[in-house]
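# Geometric and topological summary
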Amino acid sequence: MCPVLGHLDDMEHRIQALYEQFGGPLLRHVRKTTGNDLQWAEDVVQETMVRAWRHSDRLQWEPGLVWAWLLTVARRIVIDGRRRRSARPREVEPPEADTVPVPDGCDRALSAIVVADALRSLSQEHREVIEQTYLRDRTISEAAEILGIPPGTVKSRLYYGIRALRGLLRDKGVAG
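An unreviewed UniProt entry lists the chain under the name RNA polymerase sigma factor, from Nonomuraea recticatena. As its UniProt record puts it under Sequence similarities (unreviewed entry), the chain is described as follows: "Belongs to the sigma-70 factor family. ECF subfamily."

Shown next as structure tokens:
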């Protein structure tokens, strides 16, 4: 028999001794199973001790048996908690009506204006190549044929044009 638990007759003192002897180790064990969630672990230990108090007349008060019983009960409480959390979606506060974003196309229109302004700042050669490839969705070969220049020149102008466009947009605070 446990020296601390074995000779106590009063159930309240037994539970207090049980908590003093096993509360810390049980909390450390339960924290591992709760993902280091201290609040949840403390709740599990408390519920485990309440169940020990409720079933104290049936408990065998030998330290090894009590420890095994506490671990089993705590593990089952954690499992029940995980099931409960996964079965019910997380509750969230409904947003205030005036803070809910409404898609109205303003951001897209503003972005289009900023990009169009930046495109006007490019040289005509760079602007034409970007227009043919990105805006009209043409291949390098198709753009070269329409513009009457070699494909290699289209690639080169496209590279430097996009690079200049990124710089302009970055200066305007649009691109990162």
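Having seen the structure, we can now continue with the description.
What the largest pocket holds in volume is close to 160 Å³. In terms of lining residues, the largest pocket is bounded by ten residues, among which Val115, Ile130, Ile162, Leu165 and Leu169 are the most central. Contributions of two or more residues to the lining of the largest pocket are made by α4 (106-121), α5 (124-135) and α7 (151-171). With four residues, α7 is the single largest residue contributor to the lining of the largest pocket. Grouping the amino acids of the lining of the largest pocket by side-chain chemistry returns nine nonpolar, no polar and one charged.

Within the secondary structure layout, glutamine 132 lies in helix α5. Setting aside anything within four residues of it in sequence, one finds glutamine 132 in contact with Asp137, Arg138, Ala143, Ile146 and Leu147.

Counted under the stated rule, the structure contains four salt bridges. Residue glutamate 47 pairs with arginine 51 through a salt bridge whose shortest N-O separation is 2.9 Å. In this pair, glutamate 47 and arginine 51 are both assigned in helix α2 (residues 38-54), four residues apart and thus about one turn of the helix distant. When its relative accessible area of 27% is taken as the criterion, glutamate 47 is described as partly exposed.

Moving on: the packing of α4 against α7. The contact between α4 and α7 brings their axes to 9 Å, and the two run at 125°. It follows from the interaxial angle that α4 and α7 lie oblique. In the packing of α4 onto α7, the handedness of the crossing is right-handed. On α7, the residues touching Val114, Val115, Ala118, Leu119 and Ser121 of α4 are Leu165, Leu168 and Leu169.

Procedures and definitions
- Residues numbered from 1 in each chain as written.
- Predicted model: local features only at pLDDT ≥ 70, side-chain atom pairs only at ≥ 80, totals over all residues.
- Heavy atoms only, no water.
- UniProt positions renumbered as here; feature names shortened; annotations may be inferred.
- 1 Å grid on protein atoms, 1.4 Å probe; cavity = no way out; pocket = protein on both sides within 12 Å on 5 of 7 lines; lining within 4 Å.
- Points joined across faces, edges and corners; volume = space filled by probe spheres on them.
- Helix = DSSP H or I, 4+ residues; strand = E, 2+ residues; numbered from the N terminus.
- Nonpolar A, V, L, I, M, F, W, Y, C, P; charged D, E, K, R; others polar.
- Contact = heavy atoms within 4.5 Å.
- Salt bridge = Lys/Arg side-chain N within 4 Å of Asp/Glu carboxyl O.
- Buried < 20%, exposed > 50% of the residue type's maximum accessible area, 1.4 Å probe, protein only.
- Axes fitted to C-alpha atoms, helices over the stretch in contact; angles between N-to-C directions.
- Parallel < 35°, antiparallel > 145°, perpendicular 65-115°, else oblique.
- Left-handed = near helix turned anticlockwise from the far one by under 90°.

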